[in-house]
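Here is what each chain is made of, one letter per residue.
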Amino acid sequence: MTAYLGSTGTGTFDKNIKLEADVEYTPVGFSNSAAQQVKFTGIFEGNNKKITYVGTSAEETGATARMSLFFSVSGTVRNLTTAGEIYGHNRVAPICVELSTGGLIENCTNYVSISPAAGTIVGEVHRYTAGFASVNYGSIISCVNYGNITGEEYASGITSRMYAGSKVENCI
């Protein structure tokens, strides 16, 4: 896999996906362009398989911001393990940048370490980094983070920012 799922077009990506094997994944950072802010509304069944992030430095991907498997999730991501390293500086998380209202991340384990990208823009703050979702309007339930998540502002092992109505339960 060489681009984040649902990365083209506008609107929603409404598919049910079941991971059948462990895979290596190179995330592609994306901009504020609405064309790249597709919302995943289906079910991503990790099937207790692992996605390992590879080739995640700014030099390899050409991007350092908004790096994740999905931009936005209002569906479900469950039973997934993530591993590897991501080098980025703003809104970086292994599963999604934004967990939207109604979105669910459940029974997932993270081993991804997130570190500042080399050569980030002078004055750019390394922030909104998290083990599962950068910002949370939904629910994160029964997830475990073992990854080393670093950041200057809003860094967390689960989610870096929670909004009204969001919840985190039974996570460590």
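Residues numbered from 1 in each chain as written. Predicted model: local features only at pLDDT ≥ 70, side-chain atom pairs only at ≥ 80, totals over all residues. Heavy atoms only, no water.

Caption draft 1: Quick peek at unusual backbone geometry. Positioned with a positive phi, Arg91 is a non-glycine residue whose angle comes to about 55 degrees. Positive phi, close to 55 degrees, is recorded for Tyr128, a residue that is not glycine. Its location among the elements puts Tyr128 in strand E13 (residues 127-130). Under the relative-accessibility criterion, Tyr128 is labelled buried at 8%. (Helix = DSSP H or I, 4+ residues; strand = E, 2+ residues; numbered from the N terminus. Buried < 20%, exposed > 50% of the residue type's maximum accessible area, 1.4 Å probe, protein only.)

Caption draft 2: Spotlight on the sheet that holds strand E4 (residues 39-40). The strand order E1-E4-E6-E9-E14-E18 describes an open sheet built from 6 strands, whose pairing is parallel. Looking at strand neighbours, the two that pair on one side only are strand E1 (12-13) and strand E18 (159-162), the edges of this open sheet. Pairing analysis gives 2 bridges linking E4 to strand E6 (residues 70-73), with the strands arranged parallel. Residue pairing in the sheet places Lys39 in a bridge with Ser72 of E6. (Pairing = 2+ DSSP bridges.)

Caption draft 3: Seen up close, the pairing of strand E14 (residues 133-136). In terms of strand pairing, strand E9 (residues 96-99) meets E14 through 3 bridges, oriented parallel. In the sheet register, Glu98 faces E14, and the bridge partner there is Val135. By the bridge criterion, 3 bridges tie E14 to E18 in an arrangement that is parallel. Counterpart to Asn136 in the pairing with E18 is Met162.

Caption draft 4: Looking closely at the sheet that holds strand E8 (residues 90-92). Taken in spatial order, the 3 strands of this open sheet run E8-E13-E17, and their pairing is parallel. Unpaired on one side and paired on the other, E8 and strand E17 (153-156) mark the two borders of the sheet. Each adjacent strand pair in this sheet contributes to an overall mean axis angle of 5 degrees, direction not counted. Of the pairings in the sheet, the one linking E13 to E17 comprises 3 bridges and is parallel in character. Each residue of the ladder has a partner; that of Thr129, found in E17, is Ala155. (Axes fitted to C-alpha atoms, helices over the stretch in contact; angles between N-to-C directions.)

Caption draft 5: A look at the pattern of salt bridges. In the structure shown here, the tally under the stated rule is 3 salt bridges. In this structure, Glu45 and Arg78 form a salt bridge, with 2.6 Å as the shortest nitrogen-oxygen distance. Placement of Glu45 in strand E5 (residues 43-53) and of Arg78 in strand E7 (residues 76-88) is noted, with a sequence separation of 33 residues between them. With its nearest N and O atoms 3.7 Å apart, the salt bridge here joins Lys167 to Glu169. (Salt bridge = Lys/Arg side-chain N within 4 Å of Asp/Glu carboxyl O.)

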